[in-house]
Amino acid sequence: MARAAKPLKLEGLLIYAARSLGSRAQTISELREKLKRRAERPEDVDEVLTRLKQGGYLNDQRFAESFTTWRRENDGFGKGRVMRDLMNRRVAPGLAKETVEKAYQEVDEIAMIEKFLERKFRGKDLGTLLAEEKYLASAFRRLRGAGFSSGNSIRVLKRYAAEAERLEEMEDGPAE
């Protein structure tokens, strides 16, 4: 059975925080939760966070900007997915929305969707593949999961399959 870690005093907590940040960038809220679990005294958590912020090692805005750019450029994700991921990483909703809007301001979502489909279905003829309803629905779900808007996803998929117009029904649920 795993043993509980010994509570840390202020200096030990600072070292733990620095190591934690060295292994992976984190938001203030994420680090606060980690530190709370290890702190001997709860007031030491705020002291450590203050020192790290003053030293420039902890900055949610910088984190959100670099995270958003990384997810857009390297993972090819749309706005919705990046926003969801930022919220999961405990970035303040206002900051997350502002950062994502700014990062995607000049982005052509349709071009991103096309690149995403090419990458996910590499080596396959999309016209033939997406002619089958199950693959078309799967591609649509993948695009929505990757954070792309329904409208632009359907627009791109219509190029490959006549059945793409029915995808709006999937998004809205069964018609009454």
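Remember, predicted model here, so these are calculated numbers, not experimental data.

Student: Tell me about the layout of surface pockets, and name the residues and values.
Tutor: Taken as a whole, the largest pocket holds about 190 Å³ of empty space. In terms of lining residues, the largest pocket is bounded by Arg72, Glu73, Asn74, Asp75, Gly76, Val107, Ala111, Met112, Lys115, Phe116 and Arg119. At the level of elements, helix 4 (60-73) and helix 7 (109-120) are the ones that each hand at least two residues to the lining of the largest pocket. Among the residues making up the lining of the largest pocket, the classes are represented as four nonpolar, two polar and five charged.

Student: Which residues make up a positive patch on the surface, and what values go with them?
Tutor: Together, Lys115, Arg119, Lys120, Arg122, Lys124 and Arg142 make up a positively charged patch on the protein surface. Counting residues per element, the positive patch draws most heavily on helix 7, at three residues.

Student: Describe helix 6 (residues 93-103), and please don't skip the residues or the numbers.
Tutor: All of the buried residues in helix 6 are Leu95, Ala96, Thr99, Val100 and Ala103. End-on view of helix 6: buried residues confined to an arc of 120°, all on one side of the axis. Away from the buried face of helix 6 by more than 90 degrees, exposed residues Pro93, Glu98 and Lys102 are located. Structurally, helix 6 contributes buried residues whose contacts are with helix 4 and helix 5 (79-88).

Thresholds applied
- Once a new chain begins, its residue numbering starts again from 1 and follows that chain's sequence as written.
- Reporting of local features is limited, given that this is a predicted model, to residues whose pLDDT is at least 70; pairs of side-chain atoms are given and counted only at 80 or more, and all residues count toward the totals for whole chains, interfaces and linings.
- Side-chain measures were taken over the full set of non-hydrogen atoms in the model, leaving aside hydrogen atoms and water.
- A 1.4 Å probe that fits but cannot get out identifies a cavity on a 1 Å grid over protein atoms alone, an open set with protein on both sides within 12 Å along at least five of seven lines counts as a pocket, and a residue lines either if it has an atom within 4 Å of a point.
- Grid points are joined across faces, edges and corners, and a volume is the space filled by probe spheres set on the points.
- In this description a helix means any DSSP run of H or I spanning at least four residues, a strand means any run of E spanning at least two, and both kinds are numbered starting from the N terminus.
- Residue polarity follows a fixed list, in which Ala, Val, Leu, Ile, Met, Phe, Trp, Tyr, Cys and Pro are nonpolar, Asp, Glu, Lys and Arg are charged, and the others, Gly among them, are polar.
- Patch membership is restricted to residues that have no salt bridge and whose relative accessible area is over 30%. Joining uses 9 Å for like charges and 5 Å for the nonpolar side chains Val, Leu, Ile, Met, Phe, Trp and Tyr.
- Throughout, the Shrake-Rupley method with a 1.4 Å probe supplies accessible areas, and for residues the shown protein chains are the sole cover considered.
- Salt bridges are counted wherever a side-chain nitrogen of Lys or Arg sits within 4 Å of a carboxyl oxygen of Asp or Glu.
- For the charge count, each Lys or Arg is scored as positive and each Asp or Glu as negative, with His and the chain ends excluded.
- Where a charge lies is defined by one atom per residue type, namely NZ (Lys), CZ (Arg), CG (Asp) and CD (Glu).
- Burial classification: accessible surface area is computed with a 1.4 Å probe over protein chains only, and a residue below 20% of its type maximum counts as buried, one above 50% as exposed, and the rest as partly exposed.
- Taken from the helix axis, the directions to the C-beta atoms give the arc we talk about.
- Contacts between residues were defined by any pair of non-hydrogen atoms, one from each residue, lying within 4.5 Å.

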